[in-house]
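Residue-level structure breakdown
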Amino acid sequence: IDLYWDKTWFKEQQVVFEYQLHLARELDLPVIIHSRESLPEIFSILRRHHYPMKGIFHCFPSNEEDAARATDLGFMLGIGGVVTFKNSRLGEVILKTGLSHLVLETDAPYLAPVPYRGKRNESSYIPLIARKIAEIFSTDIKIIEQTTTNNALKLFNLYPST
């Protein structure tokens, strides 16, 4: 649900979101949630559904309380370039949330991490995000890579061939 520019189609967005939640439940698929200026509305809709859910809050945009709400409902937090921004509080949020609830992502072509901020974003910048998260957690980047990859594999029910 995106209410950033315009709320004209809010009712329609709600209907479509509810339908997507229904499909995800029926097909046992994760839900990827795009939220812009709409977390209270999204949480309200999610609370009305009394079944286990899984998915990602894409480009997680909020605070520790909302992170806890999302993870309590079974969702991961999608962490991208914003975590590398100088004045971002996202590092504090994810430190309190824990690695077990994080996946790495881009918002390509937007929100490129530092030092590419303001330029076109791309997937090849994911290691910069992982490096920043390793700094935040005071751990080795390999731990971040392994944990966030495993989180994604589990969420999407994907397992590498051996």
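Look up a bit, the structure's there.
Residues numbered from 1 in each chain as written. Predicted model: local features only at pLDDT ≥ 70, side-chain atom pairs only at ≥ 80, totals over all residues. Heavy atoms only, no water.

Turning to the pattern of salt bridges, a few remarks are in order. Taken as a whole and assessed by the stated rule, the structure comprises 8 salt bridges. K54 is the partner of D28 in a salt bridge, and the nearest nitrogen-oxygen pair spans 3.5 Å. A residue pair is termed long-range when its members are at least 10 positions apart, and D28 in the loop between α1 (10-27) and β1 (31-33) and K54 in the loop between α2 (39-48) and β2 (55-57) qualify at 26 residues. The exposed category is assigned to D28, whose relative accessible area is 55%. Note that K142 and E145 form a salt bridge whose closest N and O atoms lie 3.6 Å from each other. Of this pair, K142 and E145 both sit in helix α6 (residues 141-155), 3 residues apart, which is roughly one turn of the helix. Residue E145 is classed as partly exposed on the basis of its relative accessible area of 29%. Through salt bridges with shared partners, a single network forms among E64, R89, E92 and K96. (Salt bridge = Lys/Arg side-chain N within 4 Å of Asp/Glu carboxyl O. Helix = DSSP H or I, 4+ residues; strand = E, 2+ residues; numbered from the N terminus. Buried < 20%, exposed > 50% of the residue type's maximum accessible area, 1.4 Å probe, protein only.)

With 18 residues, α1 should cover 26 Å at 1.5 Å per step; its first-to-last C-alpha distance of 25 Å lies within 8% of that length. What α1 keeps buried is the set F10, Q14, F17, L21 and A24. For α1, the angular spread of the buried residues around the axis is 90 degrees, confining them to a single face. The exposed set on the far side of α1, more than 90 degrees from its buried face, consists of K11, V15, Y19, E26 and L27. (Expected span 1.5 Å × (residues − 1). Arc of directions from axis to C-beta.)

Bear in mind that shape data such as this cannot, by itself, settle questions of function.
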